[in-house]
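Fold and contact review
One letter stands for each residue in the lines below.
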2 protein chains.
Amino acid sequence: MSSIHITARCPIRTTLELVGGKWKLLILFQLFNGPLRLTGLKKSIPDISEKMLIQELKTLADSELVSRKNFGEVPPRVEYTLTEKGKAAMPLIEAMRDFALRYERKME
Amino acid sequence: MSSIHITARCPIRTTLELVGGKWKLLILFQLFNGPLRLTGLKKSIPDISEKMLIQELKTLADSELVSRKNFGEVPPRVEYTLTEKGKAAMPLIEAMRDFALRYERKME
DNA sequence: CTGCATCCTTCACGATACTG
DNA sequence: CAGTATCGTGAAGGATGCAG
């Protein structure tokens, strides 16, 4: 564990680049319950703007954490699914939840 | 686990507010090895600016993840230590490391 | 429905100089 | 050594309108 060194490219920074920011982890978390379309995601994360949602989905797809499937129908139908790499974020999200809960518990 | 709902105050967002951003987790991680002074931290995170370091330490202290001890000496001597709440971030950092390593492994 | 383009605001972050 | 003050920049995020 002490084998992590703070350099230009350490695991912590890699993860921050992949899922850092305000939205990516929330999006990934929503997709754990199964594939969702843009509208479904928008509903489950009410306060994200459409622009940010599409933008983040694109970067998540670029880093292969999410896959985008276009059904080529009319009206358009596009489905977003977690990839294997994306599913690997589950323990991370659990750790975040545990941290927050423990933090709030100790606030008393 | 599916008990996390994306609301204004969900655990994920709480954690993002506490340790989100570019530097806080890196600082916490450095303090796992023991207390450090400002200069020591600066050396272990070479590319952080002095301003950001002090600023982040202050918010970490405000949220009680880090404690600041001023020895009141001359020249100044101030030591930063992880609190119990701060130590609770360890599993989070480990999860981030695991995620990054697994991600890179699957890149081959 | 999905997505792009634009314009705009905010703020995280950074560079530098200065103080006790 | 530790910290403050100031100024500046770029990126992140947001609002809105338009298009296939």
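To keep things clear, this report deals only with the structure shown in the data block. Computed from a predicted model, the values in this text were never measured in an experiment.

Side note on the overall build of chain A
Helix and strand counts for chain A come out as six helices and three strands. Its helices and strands taken in sequence order, chain A reads α-α-β-α-α-β-β-α-α from the N to the C terminus. Overall, chain A is about 55 × 35 × 25 Å in size when its C-alpha atoms are taken along their principal axes. Once the 18 positive and 13 negative side-chain charges of chain A are each reduced to a mean point, those two points are 2 Å apart.

Observations regarding the packing of helix α2 (residues 24-31) of chain B against helix α4 (residues 50-62) of chain B
Residues and elements named next belong to chain B. One way to put it is that α2 packs onto α4 with a least axis distance of 10 Å and a crossing angle of 80°. As summarised for this structure, α2 and α4 are arranged roughly perpendicular, according to the angle between their axes. The segment α2 lies against α4, with Lys24, Ile27 and Leu28 engaging Leu53, Glu56, Leu57, Thr59 and Leu60. When its residues are assigned to classes, the contact of α2 with α4 shows five nonpolar, one polar and two charged.

What to know about the layout of surface pockets
In this structure, the largest pocket encloses a volume near 300 Å³. In terms of lining, the largest pocket is formed by 19 residues, of which the most central are A:Gly21, A:Met96, B:Leu16, B:Gly20 and B:Gly21. Of all the secondary structure elements, the ones that give two or more residues to the lining of the largest pocket are α1 (11-19) and α6 (90-105) of chain A together with α1 (11-19) and α6 (90-105) of chain B. Broken down by element, the lining of the largest pocket gets its largest block of residues, five residues, from α1(B). Of the residues in the lining of the largest pocket, the class split is 10 nonpolar, six polar and three charged.

A word on the sheet that holds strand β3 (residues 78-82) of chain B
All names here are of chain B. The sheet built from three strands is open, its strands ordered β1-β3-β2 with antiparallel pairing. Unpaired on one side and paired on the other, β1 (36-37) and β2 (66-70) mark the two borders of the sheet. Its contacts with the sheet put α2 on β1, β2 and β3, and the angle it makes with β3 is roughly 95°.

Remarks on the interface of chain B and chain A
Across the boundary between the two partners, chain B contributes 48 residues, which contact 48 residues of chain A. Carbon and sulfur atoms supply 75% of the area that chain B and chain A bury against each other, a total of about 4200 Å² over both sides. Linking chain B to chain A there are two salt bridges. The closest approach of N and O atoms between A:Arg13 and B:Asp47, which form a salt bridge, is 3.0 Å. Secondary-structure elements contributing two or more residues to the side of chain B that touches chain A are α1, α2, α5 (84-87) and α6 of chain B. In terms of residue count, the dominant contributor to the side of chain B that touches chain A is α6(B) (14 residues). Looking at the side of chain B that touches chain A residue by residue, the class counts come to 29 nonpolar, eight polar and 11 charged.

Considerations on the pairing of strand β3 (residues 78-82) of chain A
Residue and element names in this part refer to chain A. Covered by surrounding structure in β3 are Val78, Tyr80 and Leu82 only, the residues Glu79 and Thr81 on the alternate face being uncovered. For strand β2 (residues 66-70) and β3, the ladder comprises five bridges, and the chain directions are antiparallel. Paired with Arg68 across the two strands is Tyr80, which belongs to β3.

Some details on the packing of α6(A) against α6(B)
Any two packed helices are characterised by the angle at which their axes cross and by the distance between the axes. Interhelical geometry of α6(A) versus α6(B) gives an angle of 170° and a closest axis separation of 9 Å. Between α6(A) and α6(B), the angle is such that the two are roughly antiparallel. Packed against α6(A), whose contacting residues are A:Pro91, A:Leu92, A:Ala95, A:Met96 and A:Phe99, the element α6(B) presents B:Pro91, B:Leu92, B:Ala95, B:Met96 and B:Phe99 at the interface. Looking at the contact of α6(A) with α6(B) residue by residue, the class counts come to 10 nonpolar, no polar and no charged.

With respect to helix α2 (residues 24-31) of chain A
In terms of residue burial, α2(A) counts as a mostly covered element, since eight of its eight residues are buried. For α2(A), every residue scored as buried is listed here: A:Lys24, A:Leu25, A:Leu26, A:Ile27, A:Leu28, A:Phe29, A:Gln30 and A:Leu31.

The rules behind the values
Numbers given to residues run from 1 along each chain, matching the order in which its sequence is written. Here chains are named by letter from A upward and ligands by number from 1 upward, in the order in which they appear as written. With pLDDT at 70 or above as the cut-off, local features in this predicted model cover only qualifying residues; side-chain atom pairs require 80 or more to be listed or tallied, and sums for whole chains, interfaces and linings still use all residues. The basis for the side-chain values is all heavy atoms of the structure; hydrogens and waters are excluded. Only runs of H or I of at least four residues qualify as helices and only runs of E of at least two qualify as strands under DSSP, and these elements are numbered from the N terminus. Only four residue types enter the tally: Lys and Arg on the positive side, Asp and Glu on the negative side; His and the chain ends are excluded. A charge is said to be at NZ when it belongs to Lys, at CZ for Arg, at CG for Asp and at CD for Glu. For helices, the axis comes from a line fit to the C-alpha atoms of the stretch in contact; other axes are also lines fit to C-alpha atoms, and the angle between any two N-to-C directions lies between 0 and 180 degrees. Each angle is binned into one of four classes, with values under 35 degrees roughly parallel, values over 145 roughly antiparallel, values of 65 to 115 roughly perpendicular, and all other values oblique. Every residue pair with non-hydrogen atoms within 4.5 Å of one another is taken to be in contact. Following the grouping adopted for this structure description, the nonpolar residues are Ala, Val, Leu, Ile, Met, Phe, Trp, Tyr, Cys and Pro, the charged ones are Asp, Glu, Lys and Arg, and the polar ones are all others, Gly among them. Here a cavity is any set of points on a 1 Å grid over the protein atoms alone where a 1.4 Å probe fits but cannot get out, and a pocket is any open set with protein on both sides within 12 Å along at least 5 of 7 lines; a residue lines the site when it has an atom within 4 Å of a point. Grid points are joined across faces, edges and corners, and a volume is the space filled by probe spheres set on the points. Being paired, for any two strands, means DSSP has found at least two bridges between them. Joining two parts hides part of their accessible area as seen by a 1.4 Å probe, and the buried area is that hidden amount summed over both. Salt bridge criterion: a side-chain nitrogen from Lys or Arg within 4 Å of a carboxyl oxygen from Asp or Glu. Think of it in three bands: residues with accessible area under 20% of the maximum for their type are buried, residues over 50% are exposed, and the middle band is partly exposed, with areas taken using a 1.4 Å probe on protein chains only.

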